[in-house]
Amino acid sequence: MAMTELGNERRFDAQDGKLVLAYILFAYFALTLGGVAGLLQSVVRGGMYTLPGGIGYYQLLTAHGVLMAIVFTTYFIIGFLYSGVSHQMGGKLLPTVRGMGWCGFALMTGGGLLVLAMILLNRASVLYTFYAPMKADPVFYIGLAFVVIGSWISGAGIFYQYRYWRHTHRGRVSPLFGFMAVVTMLLWQIATIGVAIEVVVQLIPWSLGWTETINVVLSRTLFWYFGHPLVYFWLLPTYICWYVIIPKLIGGKLFSDALARLSFMLLLLFSIPVGFHHQLMEPGISPLWKYIQVVLTFMVVVPSLMTAFSLFATFERAGRAKGTTGLFGWLKVLPWRDVRFFAPFMGMLVFIPAGAGGIINASNQMNAVVHNTLWVTGHFHLTVATSVALTFFGITYWLLPVVTGRVLTPAINRLGIVQTLLWCVGMLFMSGSMHIVGLFGSPRRTAYTTYQDHPDAVMWMPYHVAMAIGGIILFAALLMMIYNVVALFRLPQGETEYPIAEAEESEQTTPRFLERWGMWIAISVILILFAYTIPIMDMIGPMHPGAPGVRTW
Ligand code: HAS
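Here the structure is a predicted model, which is why all the values come from computation and not from measurement.

**As for the overall build of the protein**
Part 1 of the argument: For the protein, the helix and strand inventory stands at 14 helices and two strands.
Part 2 of the argument: Scaling as 2.2 N^0.38, a compact globule of 553 residues should have a C-alpha radius of gyration of about 24 Å, and the protein matches this with 23 Å.
Part 3 of the argument: If one aligns the C-alpha atoms of the protein with their principal axes, the spans along those axes are about 65 × 50 × 45 Å.
Part 4 of the argument: Counting every position in the protein, which comprises 553 residues, the buried fraction comes to 61%.
Part 5 of the argument: Sequence-distant contacts in the protein: of pairs separated by 6 or more residues, those separated by 24 or more amount to 85%.
Part 6 of the argument: For the protein, the accessible area works out to roughly 21900 Å², and carbon and sulfur atoms hold 69% of it.
Part 7 of the argument: Averaging the positions of the 31 positive and the 21 negative side-chain charges in the protein gives two centres separated by 4 Å.

Written as structure tokens, this is what we have:
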């Protein structure tokens, strides 16, 4: 038999384990390099350190953004999804699927290394959004294209396994993890079409000199068509952990399978046709279409509110089942000393102000105050670098033991709790001061300067120092996490359970329409066409002649 049955438990397939490990370890490799760049940036911006000649601030910022926002997240997510799909949909991956997983890994890594080489050679200091008309070396864009193609192949592997499961389990509702993995990769595949068109049709020919100019507003629009769902591509696996894993870890049950699936479908529908909320201050897009996309942005908040509701219900019902009373009695029985719960929980807690910040960003008038200031940097360090990152750390503490056949020790668990707290303290300093100084007008993406001692800029300086202190604390926490990851390979041998929650027994059956993929994809396409067709047609008219490339570094 492919899997060894251990009572209710199943040993993780060794071949699949290698694939999962490859993705997860590469993610932590990127996190380490990205962390070094982050540390240097924060001390430079705080005026505490001057970079040695030959290293540019914007070069570091590009490396930091690409390694953290693209490489760490994407590799971790694919590794995590493959692990759950293997465990939940058949007990092992089909050989074709495993092959696709490896092929995706190889293409992504090859492309990623090309991208990294160009950044290190200072031929692509264009930041992680690679906004035209800044022009990087063609190899940078070609590397990006390989990363996207690789991720498509990895995503297709997940669809393949899901299809196989449905074929062999006719009439059954799919496991929640598998369903959510498919939605996550579907979101990714649809979203990356935008950036693929930007890279292949616009950036590569332009960087090779085949075209002289580039349509800037179109390229940015195609980027944000991808860039916004990208943030939900980070969030959905986080939600998988919150919906599917956390209830099991607290000794409770999933509140509602149907609610969880519906929230994922709403995230798929509403996270794509909303890219203009990143371009609210940009000329060249009609206010009407910005307004329409802002309305859709507020729709995408709804599934997050549904998630918050479901989590509170899960916690409270688990507490009540253990006999707690009172409005907040359930809080006392949560497993505070278990890092697998504690780290994601801190992520949830932080997501409350982080989400509120997002709603501020999305409001047109308030966006005029915060756009391109450090407030936005503060926002995404709470969302992706805390809520998402801490959840990924929490997953690591059980996923690595599951795939390597080991058990977590109290010592590493304790270190994990300290690491989580340290991360939160560092982020409080860094992101807190970014939010405040952003409201005072301090711009994002700027190297150290006092603007010739302008009084406003001088007033920002103490906050920049606080940001640097936060950055140093965060780097210490990052080193601790890397130490913990290495230590997870030295744990004693044993079996760790892959924690998957069951739904409440009283729950109604999950409606079948939630798995009518054709219908959901059609609605998604209609929404995208509605939100983008007219604005894009406007952008490709004669009013947008195009710009030559510039090298600003
Ligand atoms: Fe954002 C910019 C709007 C969510 C990431 N965002 C960014 C950028 C990034 C990013 C990386 O509208 C910068 C991009 C760049 O480089 O320019 N964002 C939103 C909105 C949401 C939102 C409306 N963002 C995220 C998430 C991200 C992320 C998630 C990463 C993972 N964002 C914007 C806008 C901009 C923007 C504008 C452009 C700004 C500009 O001008 O440039 C919403 O989805 C947020 C909804 C979230 C909630 C919170 C629900 C709370 C939950 C936790 C429950 C907790 C429990 C525990 C149960 C409504 C689910 C509690 C327990 C207790 C005991 C209390």
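**A short note on the side chain of Asp-257**
Part 1 of the argument: Residue position: Asp-257 is located in helix α7 (residues 257-270).
Part 2 of the argument: With a relative accessible area of 10%, Asp-257 lands in the buried category.
Part 3 of the argument: Side chain to side chain, Asp-257 and Arg-261 meet in a polar contact 2.6 Å long.
Part 4 of the argument: Here Thr-510 takes part through its side chain, which lies 2.8 Å from a polar atom of the side chain of Asp-257.

**Overview of the site of the ligand**
Part 1 of the argument: Taken together, 36 residues lie around the ligand, and Tyr-232, Asn-367, His-371, His-379 and Arg-444 are the ones closest in.
Part 2 of the argument: Tyr-232 places a side-chain nitrogen or oxygen 2.4 Å from an oxygen atom of the ligand.
Part 3 of the argument: A distance of 3.1 Å is found between a nitrogen atom of the ligand and a side-chain nitrogen or oxygen belonging to His-379.
Part 4 of the argument: Secondary-structure elements contributing two or more residues to the shell around the ligand are α6 (216-249), α8 (287-321), α9 (339-362) and α11 (374-404).
Part 5 of the argument: Broken down by element, the shell around the ligand gets its largest block of residues, ten residues, from α9.
Part 6 of the argument: Considered class by class, the residues forming the shell around the ligand number 24 nonpolar, eleven polar and one charged.
Part 7 of the argument: When residues of the shell around the ligand are sorted by domain, at least three fall in each of domain 2 (215-249 + 251-316 + 516-547) and domain 3 (335-502).

**With respect to helix α3 (residues 95-120)**
Spacing of three or four residues puts side chains on the same side of an α-helix, whose turn is 3.6 residues.
Part 1 of the argument: Counted at 1.5 Å a residue, the expected span for α3 with its 26 residues is 38 Å, and the 37 Å between its end C-alpha atoms agrees.
Part 2 of the argument: Asn-122 occupies a position one or two residues after α3 and carries a positive phi of about 60°.

**A short note on the coordination of the iron atom of the ligand**
Part 1 of the argument: Of the protein atoms, His-379 (NE2) alone serves as a donor to the iron atom of the ligand, at 2.2 Å.
Part 2 of the argument: Looking at where His-379 falls in the secondary structure, it is placed in helix α11.

**As for the domain arrangement of the protein**
Part 1 of the argument: According to the domain assignment, the protein consists of domain 1 (12-201), domain 2 (215-249 + 251-316 + 516-547) and domain 3 (335-502).
Part 2 of the argument: At the junction of the two partners, domain 1 supplies 37 residues and domain 3 supplies 35 residues.
Part 3 of the argument: Note on domain 1 versus domain 3: buried area summed over both sides is about 3000 Å², and carbon and sulfur give 77% of it.
Part 4 of the argument: In this structure, the connection of domain 1 to domain 3 is made through zero salt bridges.
Part 5 of the argument: Across the contact surface, domain 1 and domain 3 share eight residue pairs in polar contact (both at pLDDT 80 or more).
Part 6 of the argument: Mapped onto the side of domain 1 that touches domain 3, the elements with two or more residues apiece are α1 (14-45) and α2 (57-88).
Part 7 of the argument: At 15 residues, α1 tops the list of elements feeding residues into the side of domain 1 that touches domain 3.
Part 8 of the argument: A class-by-class count of the residues in the side of domain 1 that touches domain 3 yields 23 nonpolar, 13 polar and one charged.

Rules and cut-offs
Residues numbered from 1 in each chain as written. Predicted model: local features only at pLDDT ≥ 70, side-chain atom pairs only at ≥ 80, totals over all residues. Heavy atoms only, no water. Helix = DSSP H or I, 4+ residues; strand = E, 2+ residues; numbered from the N terminus. Rg over C-alpha atoms; globule rule 2.2 N^0.38 Å. Buried < 20%, exposed > 50% of the residue type's maximum accessible area, 1.4 Å probe, protein only. Contact = heavy atoms within 4.5 Å. Areas by Shrake-Rupley, 256 points an atom, 1.4 Å probe, with all protein chains shown as cover. Lys, Arg positive; Asp, Glu negative; His and termini not counted. Charge placed at Lys NZ, Arg CZ, Asp CG, Glu CD. Polar contact = N/O pair within 3.5 Å; in protein donor to acceptor, adjacent residues only side chain to side chain. Near = heavy atom within 4 Å. Nonpolar A, V, L, I, M, F, W, Y, C, P; charged D, E, K, R; others polar. Domains from an automatic or database assignment. Expected span 1.5 Å × (residues − 1). Donors = N, O, S within 2.8 Å, 3.2 Å for Na, K, Ca; no water. Buried area = accessible area lost by both parts, 1.4 Å probe. Salt bridge = Lys/Arg side-chain N within 4 Å of Asp/Glu carboxyl O.

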